[in-house]
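Structural features, examined
Spelled out from the first residue to the last, the chains are:
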Amino acid sequence: MNYNEKAILSDWVHQFTNELFAWALYKTGSKENAEDLVQDTFLSAFSAFDTFTGQSSPKTWLFRILNNKIVDSYRRSKKIPLELVEDAAKERFDKNFNAETGMWNEFEAGQIWSVEEKHLLDDPKFQNILAVCLDNLPLKWNIALTSKYLSEKKSEEICKELDLTASNYWQIIHRAKLLLRQCIEKKYR
Amino acid sequence: MHRKKIPLKVRIMTGIFLSCKKATELMERKAEGNIGFIENIQLFWHKGMCKVCALYEKQTRLLNRLLQKHLLQRKAAPLSESESSTLRAKIISEIEKK
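Quantities reported herein were computed from a predicted structural model and do not represent experimental measurements. Throughout, residues of each chain are indexed from 1 in the direction in which the sequence is written. To label them, take the chains in the order written and letter them from A, then take the ligands in the order written and number them from 1. Reporting in this predicted model follows two pLDDT cut-offs: at least 70 for local features of residues, and 80 or more for side-chain atom pairs to be given and counted; totals over whole chains, interfaces and linings ignore these cut-offs and use all residues. Excluded from the side-chain calculation are hydrogens and water; included are all heavy atoms of the structure.

1. Here's the deal with the confidence of the model for chain B
Residues and elements named next belong to chain B.
- A residue's pLDDT is simply how confident the predictor is in it, with values from 0 to 100. Chain-level pLDDT for chain B is 87 on average; 94% of the residues reach the 70-or-more range.
- Helix numbers and strand numbers start at the N terminus; a helix is a DSSP run of H or I with at least 4 residues, a strand a run of E with at least 2. Confidence scores differ between elements of chain B, with helix α1 (residues 8-17) showing the lowest mean pLDDT of 79 and helix α2 (residues 20-31) the highest of 95.
- On the interface metric, ipTM, the complex scores 0.81, and its pTM is 0.82.

Spelled out as structure tokens, the structure:
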């Protein structure tokens, strides 16, 4: 039995290490951290092998473990609790709308929206602002958003990886996009 | 109590034609085909009446394209083949120890 589990795990190591590593590296920016995270992911998967039901694919399951590891390592490295960051972001989002009617409170459309798309793509200043604004988002929102636009994964798959309900997921995407728009708008002057 | 303060016109508007908050959420769902038939009609009418939301949709779509390209550019280079096999061997030997 044990032998069998090890064989399956080894098979997964060969199949998924590169993809998991690329994602961990992208999220942490450090090769060393990424290697540790991927190794931890497989070791956790081995310990928790009994809980793998086959309802999701092995890859989805492994990504879910990895995402939890990324959140944990981030939690350890930051002094401000993740929950506070998220609450503050929710508050910034809510300020955009009238609390009772849900209509826009104020909506600014600065000069960035008249700049040509092609120009923005090549503009280091804009790319820099986009990177900063992405980093300003709460980690979970950032992971959800980057999973969506980087990997072209279906929303169902991202929900499983991040352990979110569908309505939770759309709420996060909605809030994250709105705050990103606002952030870019403010910084690009 | 608070509800009474909202003008009837606004309540009808948001009830039938959605609030801006809801409309902007539906735009994200719609971009992935995750929107109901009725909601889609409501969103259509909402945008017809609300210039700000119509503008927001244009901007959020532009943001989708910019975001996708930005992320692809930033994505780190994958492992080389030798680095990858070293890492795989290391992980497998750790599993074997268990």
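2. Quick look at the environment of A:H174
- You can see A:H174 is positioned in helix α9 (residues 166-187).
- Burial classes follow relative accessibility: with a 1.4 Å probe on protein chains only, a residue under 20% of its type's maximum area counts as buried, one over 50% as exposed, and anything between as partly exposed. Judged by its relative accessible area of 3%, A:H174 falls in the buried class.
- When the C-alpha positions of A:H174 and A:L145 are compared, they lie 9.7 Å apart, and in sequence the two are 29 residues distant.
- Among residues more than four places away in sequence, those in contact with A:H174 are A:F93, B:K21, B:T24, B:E25 and B:E28. Only heavy atoms enter the contact rule, under which two residues are in contact if any of them lie within 4.5 Å.

3. Considering the packing of aromatic side chains
- Pairing of aromatic rings covers Phe, Tyr and the six-membered ring of Trp, with a centre-to-centre limit of 6.5 Å; geometry is then stacked below 30 degrees between planes, edge-to-face above 60, and tilted otherwise. Within this structure, the stated rule accounts for 13 aromatic pairs over all chains.
- Judged by centre distance (6.2 Å) and plane angle (70°), the rings of A:W12 and A:W61 are edge-to-face. Here A:W61 lies in helix α3 (residues 58-77) and A:W12 lies in helix α1 (residues 2-28), a separation of 49 residues in the sequence. Pair check on accessibility: A:W12 and A:W61 agree, each one buried.
- Taking 6.3 Å as the distance between ring centres and 85° as the angle between the ring planes, the aromatic pair formed by B:F44 and B:W45 counts as edge-to-face.
- The exposed category is assigned to B:F44, whose relative accessible area is 60%.
- Given the relative accessible area of 49%, B:W45 is considered partly exposed.
- Ring pairs connect the aromatic residues A:F93, A:F97, A:W104, A:F107 and B:Y56, which therefore count as one cluster.
- Geometrically, a charge over a ring is one whose NZ (Lys) or CZ (Arg) sits within 6 Å of the ring centre while staying within 35 degrees of the ring normal. Its guanidinium or amino end placed over the ring of A:F63, A:K153 lies 3.9 Å from that ring's centre, counting from NZ or CZ.

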